[in-house]
Structures are given as structure tokens and as C-alpha cells.
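Listed here are the chains, written in short residue letters.
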Amino acid sequence: MSKKVISFRLSEEELEKLDKACKRLNQNRSETVVSAIDILLRDYVPEGGTLTKRTPWMLDSLKKD
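**Overview of the packing of helix α1 (residues 12–25) against helix α2 (residues 29–43)**
The relative placement of two packed helices is expressed as an angle between their axes plus a distance between the axes.
Now for step 1: It is at 9 Å that the axes of α1 and α2 come closest, and there the two elements cross at 95°. Comparing the axis directions of α1 and α2 gives the class roughly perpendicular. Contact with α1, carried on its side by Leu15, Leu18, Asp19, Ala21, Cys22 and Leu25, involves Arg29, Thr32 and Val33 of α2 and no other residues of that element.
Now for step 2: By residue class, the composition of the contact of α1 with α2 is six nonpolar, one polar and two charged.

Printed below as a string of C-alpha cells:
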């Protein structure tokens, strides 16, 4: 798989949160961001302009589709 370089801006507070997550997960920044994206796509759905964590009954209904 080829990898591409991306850039985005984070505030000092956001960067501290990212570094805290990296330390907790024992991952580098890229791995932590990719993990977070995977979790968002797997476990959350947009609902009324906010993200809502899927509940087990939501997951069951997705499996039937």
C-alpha cells in the first residue's frame, strides 16, 4: 500500500490530546489518527448534525441490510 503525506493544523490542546493518546496506545501519531478514523467509521453514525455511538440494536439492523 502506498502512503501519502497529509498535513493539517492542530491547536496546542489538540496536539496534547493526540500525544496523550499516542502514549496510551503505544503508537505514533499517524497510527493513532488512523485508529481513530477506523473507530469513527465503525462505531459512530451521523445523527442530527452530531456523531452518535452505535448501540447493539443499531449494529443488528445494519447486518440485516
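**Focus on unusual backbone geometry**
Now for step 1: A positive phi angle, near 55°, is found at asparagine 26, a position not held by glycine.
Now for step 2: Asparagine 26 sits in the exposed class, given a relative accessible area of 71%.

**What to know about the pairing of strand β1 (residues 44–47)**
Now for step 1: With four bridges joining them, β1 and strand β2 (residues 50–53) adopt antiparallel strand pairing. Of the residues in β2, the one forming a bridge with proline 46 is leucine 51.
Now for step 2: Where β1 folds back on β2, the antiparallel hairpin that results is connected by two residues, among which glycine 48 adopts a positive phi of roughly 60°.

Rules used throughout
Residues numbered from 1 in each chain as written. Predicted model: local features only at pLDDT ≥ 70, side-chain atom pairs only at ≥ 80, totals over all residues. Heavy atoms only, no water. Axes fitted to C-alpha atoms, helices over the stretch in contact; angles between N-to-C directions. Helix = DSSP H or I, 4+ residues; strand = E, 2+ residues; numbered from the N terminus. Parallel < 35°, antiparallel > 145°, perpendicular 65-115°, else oblique. Contact = heavy atoms within 4.5 Å. Nonpolar A, V, L, I, M, F, W, Y, C, P; charged D, E, K, R; others polar. Buried < 20%, exposed > 50% of the residue type's maximum accessible area, 1.4 Å probe, protein only. Pairing = 2+ DSSP bridges.

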